[in-house]
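One letter stands for each residue in the lines below.
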Amino acid sequence: MGREKDFDKHFRNRLFDYEENAPVHVWEQIQHGMKMQKSKRQRSIFIRIAASFALLLSFASGYYLATSESEKKPTFSVIPDKVEALKPGRIVVEPIKQASLLPVPKKENKAIRSNSEESDEAITKSVLAEITQREFAIPEKLQSKISKHIANQFVQPVLVYDGRGLQALVLPVENDEKKPDFKWLLGGSFAPGQAYHQKKPEEYSGQFEYSDVKSLNTVYSGMLQFGLQLNQRVSVHSGLAYAQLNHSSQLAIAGVTNVFNQNTSVGTILTVLPKDLVSMEDIHGTSGTDNNIVYGQFNQMLGYMELPLMAKYKIIDRKLDINLHGGFLAGYLLSNNSDFRYRDEITDLGPTSGIHKSSFTTMAGLSADYPLFGNLSVSLEPSVKYHLVQIGSNNSFKPVIFNIFTGLNFTF
Amino acid sequence: MEIPQHILSACKKGDAKSQKLLYDLLARKMFGVCMRFTRDYSEAEDVLQEGFFKVFQNLKYFDNKGSFEGWVRKIMVNTSLEKFRKQNFLYPVSDISEYDEVDNISDALSGMTEKELLQMVQALPPQYKTVFNLYAIEGYNHQEIAKLLGISEGTSKSNLSRARGLLQQMVKKYMSWQNMKEIG
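The structure displayed is predicted, hence computed values, not measured ones. (Residues numbered from 1 in each chain as written. Chains lettered and ligands numbered in written order. Predicted model: local features only at pLDDT ≥ 70, side-chain atom pairs only at ≥ 80, totals over all residues. Heavy atoms only, no water.)

## Description of the overall build of chain A
Thinking step 1. A count of helical and extended segments in chain A gives 6 helices and 16 strands.
Thinking step 2. Within chain A, the fraction of its 412 residues that count as buried is 42%.
Thinking step 3. Within the structure as shown, chain A displays about 23500 Å² of accessible surface, and the carbon and sulfur contribution to it stands at 59%. (Helix = DSSP H or I, 4+ residues; strand = E, 2+ residues; numbered from the N terminus. Buried < 20%, exposed > 50% of the residue type's maximum accessible area, 1.4 Å probe, protein only. Areas by Shrake-Rupley, 256 points an atom, 1.4 Å probe, with all protein chains shown as cover.)

This is the structure:
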């Protein structure tokens, strides 16, 4: 023991404070890197401000569109003395009959005014005779001014005689037909993505990072979903989703051994293989190898079946709808595997131990829906997903995943 | 080495001249650390550059409680380890048999220059080199090394013992080469 200590001491005494001239260009590169970082930070601040403005703008436009549409609703402040109520009905934008009721044509008004012998009651009755159907047409010239918010609404028409002429007004009322307003939705989507898990320099645990910010970690997700449109703007969604987290390292090094024991940032892989991971022939027959090793590719794959519960809120209700969505996904670990690839040979290394069987994630994002034909629409949903519970039992690995879902939806 | 407080404060504010001064004060020593953990000059250069970049990025987190040089050294070691992890993913434990003890090793080591000692350490296989550097030179214990490298304490101990064995073999070769030189 003493001998070993002496041996170590030689190296410690001579090498702990060992100094060597650093190349001059290193400082230049550090300086350049810091300048780049500064401009990147400035750019990132600008992007954040721009994104905040964009978000604010989309909320403001959503609010404006929602309120301006409600402002277009007919308002009725004065109910004159002589009022005749009709049966309630639904407003349609296309003319359904010759007789336009909103408002009563001017010539008819003139006729009413000129014919002073006819009592108001008689005039009212004659017009009422025309208004027997349960649907009320909007005159063509007014159609462009009627937003789709009022179209299809259930209204109570009211005939008003205010001394100058006869007016027909509509008052929105509760639908007495008890017809459900909600719609169902079926959809499917696919999303490639990227996962990140950033660590501070002082936090390095020494484990191979499953998701270091500098390495590429792909995520593939697919989702089959059904939804229920509760009203014009709000819908809830569920279904079945599959998400696969992949970690791949091209710099993997392996040597002649049949016992594979490796810690990664999500768990440990310990496998006894039936043969050596890399054969001695490979080692000696390959140029570019270093000592007793070869460079290959190491892959870790974790597949989750997930049950989503999401809500969507339409912020812009146009041909291209813009929605905000968010919710939670409960997942079950369906597959857990790893392998080493060298040349064309793939060696299965088995599962990573210590991985939780279940996952719990939250997801939020924006989505754009564009109608294709009939009830079919195409959607694009950039989303951010975050693992609320760490993936493995012995680590703090909770990746943030960026996905862009693309898919088709069918409403009925 | 004590770094004056006003230099650190100016560096935290992003003053380029003070940053250059700080770099000049520490670069030689830190390059020595990087050389020990890496295979060659160019790899050490990369680590030094990345390490100092991290130092300036994270300077605001330095709380002035401990030695600044020690804090920078720790970042250099961590950066070297990160490089080691990236390049030596899945490095298996090789089956190297125990080596014989070499006599007069202490005398031989005393007769070697720092450069020669460094070259021997650099020539070790990556994992042995890392464990030897951390334990024998940096003063970490096996528990800390195991945590840092994601290996068991037993593996750390066996790596250290094999590193010592390999170094002894190298010293032996050096001694016989010296003898041959003297005879020749």
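Past the structure itself, the notes keep going.
## Structural notes on the packing of aromatic side chains
Thinking step 1. Per the stated rule, a full pass over the model turns up 12 aromatic pairs over all chains.
Thinking step 2. Between the aromatic rings of A:Trp27 and B:Tyr23, the centroid separation amounts to 5.1 Å while the plane-to-plane angle is 35°, which identifies the pairing as tilted. Here A:Trp27 is found in helix α2 (residues 24–72), whereas its partner B:Tyr23 is found in helix α2 (residues 16–37) on a different chain. Considered together, A:Trp27 and B:Tyr23 belong to a single accessibility category, that of buried residues.
Thinking step 3. Between B:Phe62 and B:Phe68, the ring centres sit 5.1 Å apart and the planes meet at 75°, which makes this aromatic pair edge-to-face.
Thinking step 4. Relative accessible area serves as the criterion here: at 6%, B:Phe62 is assigned to the buried category.
Thinking step 5. Members of the aromatic cluster, joined through ring pairs, are A:Trp27, B:Tyr23, B:Phe52 and B:Phe56.
Thinking step 6. Directly above the aromatic system of A:Phe16 lies the positively charged group of A:Arg12, at a separation of 4.7 Å from the ring centroid.
Thinking step 7. When the ring centre of A:Phe16 is taken as origin, the NZ or CZ atom of B:Arg73, which lies over that ring, is 3.7 Å away. (Phe/Tyr/Trp six-rings, centres within 6.5 Å; stacked < 30°, edge-to-face > 60°. Lys NZ or Arg CZ within 6 Å of the ring centre and 35° of its normal.)

## Here's the deal with a nonpolar patch on the surface
Thinking step 1. Taken together, the side chains of A:Phe182, A:Trp184, A:Leu186, A:Phe226, A:Phe410 and A:Phe412 define a hydrophobic patch exposed on the protein surface, amounting to about 610 Å² of accessible area.
Thinking step 2. Tracing the backbone through its elements, the reader meets A:Trp184 in strand β6 (residues 183–196). (Patch = residues over 30% accessible without salt bridge, like charges linked within 9 Å, V, L, I, M, F, W, Y side chains within 5 Å. Salt bridge = Lys/Arg side-chain N within 4 Å of Asp/Glu carboxyl O.)

## Quick word on helix α6 (residues 114–122) of chain B
Thinking step 1. For α6(B), every residue scored as buried is listed here: B:Leu117, B:Leu118, B:Met120, B:Val121 and B:Gln122.
Thinking step 2. Tucked inside the fold, the buried residues of α6(B) contact α1 (2–15) of chain A together with α2, α5 (105–110), α7 (126–137) and α9 (153–183) of chain B. (Contact = heavy atoms within 4.5 Å.)

## As for the pairing of strand β13 (residues 345–348) of chain A
Residue and element names in this part refer to chain A.
Thinking step 1. Alignment of strand β12 (residues 321–342) against β13, held across 4 bridges, turns out to be antiparallel. In the strand pairing of β13, Tyr342 is matched with Glu345.
Thinking step 2. In this antiparallel pair of consecutive strands, β12 and β13, the connection spans 2 residues, and Arg343 shows a positive phi of 50°. (Pairing = 2+ DSSP bridges.)

## A short note on the packing of helix α8 (residues 142–149) of chain B against α9(B)
Residues and elements named next belong to chain B.
Thinking step 1. For the pair α8 and α9, the least separation of the axes is 8 Å and the interaxial angle reads 105°. As the angle between them shows, α8 and α9 are arranged roughly perpendicular. Taking contact as the criterion, the partners of His142, Gln143, Ile145 and Ala146 in α8 are, on α9, Glu153, Ser156, Lys157 and Leu160.
Thinking step 2. A class-by-class count of the residues in the contact of α8 with α9 yields 3 nonpolar, 3 polar and 2 charged. (Axes fitted to C-alpha atoms, helices over the stretch in contact; angles between N-to-C directions. Parallel < 35°, antiparallel > 145°, perpendicular 65-115°, else oblique. Nonpolar A, V, L, I, M, F, W, Y, C, P; charged D, E, K, R; others polar.)

## Considerations on the nonpolar core
Within soluble globular proteins, side chains that are nonpolar generally end up buried alongside one another.
Thinking step 1. One finds A:Phe11, B:Phe52, B:Phe68 and B:Phe132 to be the most contacted residues of the largest nonpolar core, which totals 63 residues.
Thinking step 2. In terms of residues, this core owes the most to one element, α2(B), which gives 10 residues.
Thinking step 3. Look past the residues within four positions of A:Phe11 in its chain and what remains in contact with it is A:Phe16, B:Leu109, B:Leu117, B:Met120, B:Val121, B:Phe132, B:Ile137 and B:Leu167.
Thinking step 4. A:Leu333, A:Ile355, A:Phe397 and A:Ile401 belong to the second largest nonpolar core, which has 11 residues in total. (Core = buried A, V, L, I, M, F, W, Y, C linked by side-chain atoms within 4.5 Å.)

## Side note on the confidence of the model for chain B
All names here are of chain B.
Thinking step 1. Of all residues in chain B, 91% attain a pLDDT of 70 or more, and the chain-wide mean is 85.
Thinking step 2. Low pLDDT, under 50, characterises residues 90–97; the predicted model gives this stretch 25 contacts beyond four residues in sequence or across chains.
Thinking step 3. Across the interface, the model reports ipTM at 0.87; the global pTM reads 0.43. (pLDDT = per-residue confidence, 0-100.)

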